[in-house]
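# Reading the structure
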Amino acid sequence: MTTLKPTLPTEHLAGIASTVFQQAVEQADIAISITDAAANILYVNPAFTRVTGYAADEIIGANQSLLSNKSTPESIYQAMWAAITGGQPWSGRLVNRRKDGSKYLADLLITPVVDAAGAITNYLGIQRDVTDLHRLECEVGDQKALIESVVDSAPVVLALLDNNFRVVLDNHEYKKLMTDLRAVEPATVILEAVRANLGSSLGSSLAAPRVGRYAFHDHEIRFDSRGGTRWFSCSGLWVQRKDGKVETFFDRQDDIFLLLVAKETTRQRTEQEKTRLAHLQAMMAEESRIDGLRETLSAAVFKIEGPINIMASVLATLERRGTGSPAGSALAGALYAGRDAIDSLRSAIPEHTSESRTAVNLNEILRDVLDLTTTRMLAAGITVHWQPQSVLPSLNAYPNRMRMMFKALVDNAIEAMNAKGWRERELRVVTRGHPDRVEVVIEDSGPGIPPGLRYKVFEPFFSTRMGGGKHLGTGLSSAQQVAADHDGVIDIDSTERRGCRVRVVLPVSRRG
Ligand code: FAD
């Protein structure tokens, strides 16, 4: 069976379309006007009347300029006319006045209408009242500016990080800290420091963000720079931001951000540090007194052991010859007394004070050592170049032994440069962190150690200052012992410049 399509004459179809078009324009809920080429109004729809207050018969024949409040700048009209007379559409905002004199902000689109020859015959104007929208935009803009000025003037470091931990918003204090850290992103440094201290627990917290929860809270970290040490109490809070993407308009997926807040606690810490340093000074003075005693007694044992060993070998020779001479018995008696004296001396050597291993930051230890030796260095006219890596991974170490070790190395450097008549007096202390180790370089501009003695200086009781002063030569050997106890090494590097360059390498404690 064939179906026949009903056919209508073209003129009839055009008639229907024209009627529908007219009804659509009439009933549209947007103000429409049609003008001649000089903007004289030929037609307005009911929505135009609702917006402007002018009925069609009141405004037809008048110019569109009747709506002007005379406060729109001339340059805008010039741009409008340049566009529309050139055959281009124009859109923009104008301040208009209704019939009752009230003002409104019109969002206007003008489209030129051309005839078959391409000449502009009319203009189509479409406008909406956007007064309320504009007020809202201003309020949002004001609020944004207000929030930005509050955030900027807040006396804390603030940064908002996206899910790739990139900074999307920061404040004035953040930028200041960035300058202090020589353009290194503070957010990265903070997260690294927190990660170094919290280990995998931060990793799991960062991997599973929960809005309103802290990824970490009030975590104290220190930044070491040439300008000094700064302390911050840092928190990371998960916050949500509305996603404005079109593709998620119906299926909202809000982004989660990490709000970093770092509050400087340097002032409070400095006070605490003063007390701690005074305590440390007393403790280290006692330690070094005990070390001195240990060093003296060990040296005495070492020195007595020499002749005792000779006496023992002489006695062994006499005994082998089988001559039971009185000299032999006297020697045996002296040997016995000598060994007894060595045993007594050994038992008098004080034990190392017991301490337990803990997470140790070498910047902190070296800062302590430099603080403790400041007076000596000032008196010796030594300039210190302290170049710490801003954040170091921590070591699992004995803090006091570490402190004593670095103090011994710094003391050695001071002593070397403090020689009479020695002019170059510069001490450089550098720290560098690697994923598996921390390196400390202590470099002085003193006379240095001759290449032939580079290994010898690590022998117990060897000193380049042997023969003068009270130095017994156990400093480097005990320092090496401390490094070895921490699975580390100490070596003395050759430098192009004069002086001595001691490098200490210590492994980083592994965390789960
Ligand atoms: P005008 O005498 O219009 O002069 C303003 C500037 O426009 C001058 O630089 C002038 O040289 C230039 N200009 C004016 N007419 C022409 C032209 N025919 N050809 C080239 N340049 C010209 N204005 C409003 O304020 N509110 C409205 O809602 C609004 N709706 C409009 C809708 C349509 C469809 C059109 C075509 C124009 C509309 N206008 C509207 C613009 C309006 O016609 C006036 O140009 C404007 O109001 C400024 O009026 P005026 O008397 O202060 O200055």
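Residues numbered from 1 in each chain as written. Predicted model: local features only at pLDDT ≥ 70, side-chain atom pairs only at ≥ 80, totals over all residues. Heavy atoms only, no water.

### Examining the overall build of the protein
If you tally the helices and strands in the protein, you get 13 helices and 17 strands. C-alpha atoms of the protein, sized along the principal axes, occupy 150 × 75 × 40 Å. Every one of the 512 residues in the protein was classed for burial, and the buried ones make up 37%. When contacts within the protein are restricted to residue pairs at least 6 apart in sequence, those whose partners lie at least 24 apart make up 58%. Approximately 29600 Å² of the protein is accessible, and the part contributed by carbon and sulfur atoms is 56%. Placing the 59 positive and 61 negative side-chain charges of the protein at their respective mean positions leaves the two points 7 Å apart. (Helix = DSSP H or I, 4+ residues; strand = E, 2+ residues; numbered from the N terminus. Buried < 20%, exposed > 50% of the residue type's maximum accessible area, 1.4 Å probe, protein only. Contact = heavy atoms within 4.5 Å. Areas by Shrake-Rupley, 256 points an atom, 1.4 Å probe, with all protein chains shown as cover. Lys, Arg positive; Asp, Glu negative; His and termini not counted. Charge placed at Lys NZ, Arg CZ, Asp CG, Glu CD.)

### Notes on the pairing of strand β3 (residues 90–97)
Side-chain alternation along β3 places W90, G92, L94 and N96 on a buried face and S91, R93, V95 and R97 on a face that remains uncovered. In this structure, β3 lies alongside strand β4 (residues 103–114), joined through eight bridges in antiparallel fashion. Bridge pairing in β4 places S91 opposite L109. (Pairing = 2+ DSSP bridges.)

### Observations regarding the site of the ligand
Close to the ligand lie 22 residues; Q64, E74, Y77, W81 and N96 are nearest. E74 is positioned such that a nitrogen or oxygen atom in its side chain is 2.9 Å from an oxygen atom of the ligand. At 2.8 Å, a side-chain N or O of N96 approaches a nitrogen atom of the ligand. Protein coverage of the free-state accessible area of the ligand, which is 920 Å², stands at 73%. The residue inventory of the shell around the ligand, partitioned by class, reads ten nonpolar, ten polar and two charged. (Near = heavy atom within 4 Å. Polar contact = N/O pair within 3.5 Å; in protein donor to acceptor, adjacent residues only side chain to side chain. Nonpolar A, V, L, I, M, F, W, Y, C, P; charged D, E, K, R; others polar.)

### Quick word on helix α4 (residues 74–85)
An ideal rise of 1.5 Å per residue puts 16 Å on twelve residues; α4 measures up with 16 Å between its terminal C-alpha atoms. When we look at burial in α4, the residues that qualify are Y77, M80, A83 and I84. Along the long axis of α4, the arc covered by the buried residues comes to 130°, so they all point the same way. Along α4, the residues that are exposed and aim more than 90 degrees away from the buried face are E74 and A82. (Expected span 1.5 Å × (residues − 1). Arc of directions from axis to C-beta.)

### Describing the domain arrangement of the protein
Per the domain assignment, the segments of the protein are domain 1 (27–134), domain 2 (154–244 + 251–264), domain 3 (268–354) and domain 4 (356–512). Counting each side, the surface lost to burial between domain 2 and domain 4 is near 1100 Å², with a carbon and sulfur contribution of 53%. The tally of links from domain 2 across to domain 4 stands at one salt bridge. One salt bridge in this structure joins R222 and E364, with 3.8 Å as the shortest N-O distance. Listed by contribution, the elements that provide at least two residues to the side of domain 2 that touches domain 4 are α7 (186–198), β8 (214–225) and β9 (228–241). Each residue belonging to the side of domain 2 that touches domain 4 can be placed in one class, and the counts come to six nonpolar, six polar and three charged. (Domains from an automatic or database assignment. Buried area = accessible area lost by both parts, 1.4 Å probe. Salt bridge = Lys/Arg side-chain N within 4 Å of Asp/Glu carboxyl O.)

### Structural notes on the nonpolar core
As a rule of thumb, nonpolar side chains are buried together in soluble globular proteins. Counting 38 residues, the largest nonpolar core has L362, M405, F406, L409, L427 and V504 as the members making the most contacts within it. When contributions to this core are tallied by element, the ones reaching two or more residues are α11 (362–380), β13 (395–397), α12 (399–417), β14 (426–433), β15 (437–444), α13 (475–485), β16 (489–493) and β17 (500–507). When residues of this core are assigned to their parent elements, the largest contribution, eight residues, is made by α12. The next biggest cluster of nonpolar side chains, apart from the first, holds 25 residues, and it includes Y174, L181, F216 and A262. (Core = buried A, V, L, I, M, F, W, Y, C linked by side-chain atoms within 4.5 Å.)

### Some points on the packing of aromatic side chains
Under the defined criterion, the tally for this structure stands at one aromatic pair. Note on W81 and Y123: the rings are 5.8 Å apart at their centroids and 85° apart in plane angle, and the pair reads as edge-to-face. With W81 in helix α4 and Y123 in strand β5 (residues 120–129), this pair connects stretches of sequence that are 42 residues apart. (Phe/Tyr/Trp six-rings, centres within 6.5 Å; stacked < 30°, edge-to-face > 60°.)

### Examining the sheet that holds strand β10 (residues 255–264)
One open sheet accounts for five strands, arranged β7-β6-β10-β9-β8; its pairing is antiparallel. Of all strands in the sheet, those with a lone pairing partner are β7 (167–170) and β8, marking the two edges. Here the strands of the sheet are splayed against their neighbours by 25° on average, with no regard to which way each runs. Sitting on the sheet, α11 touches β8 and β9, and the angle it makes with β8 is about 40°. (Axes fitted to C-alpha atoms, helices over the stretch in contact; angles between N-to-C directions.)

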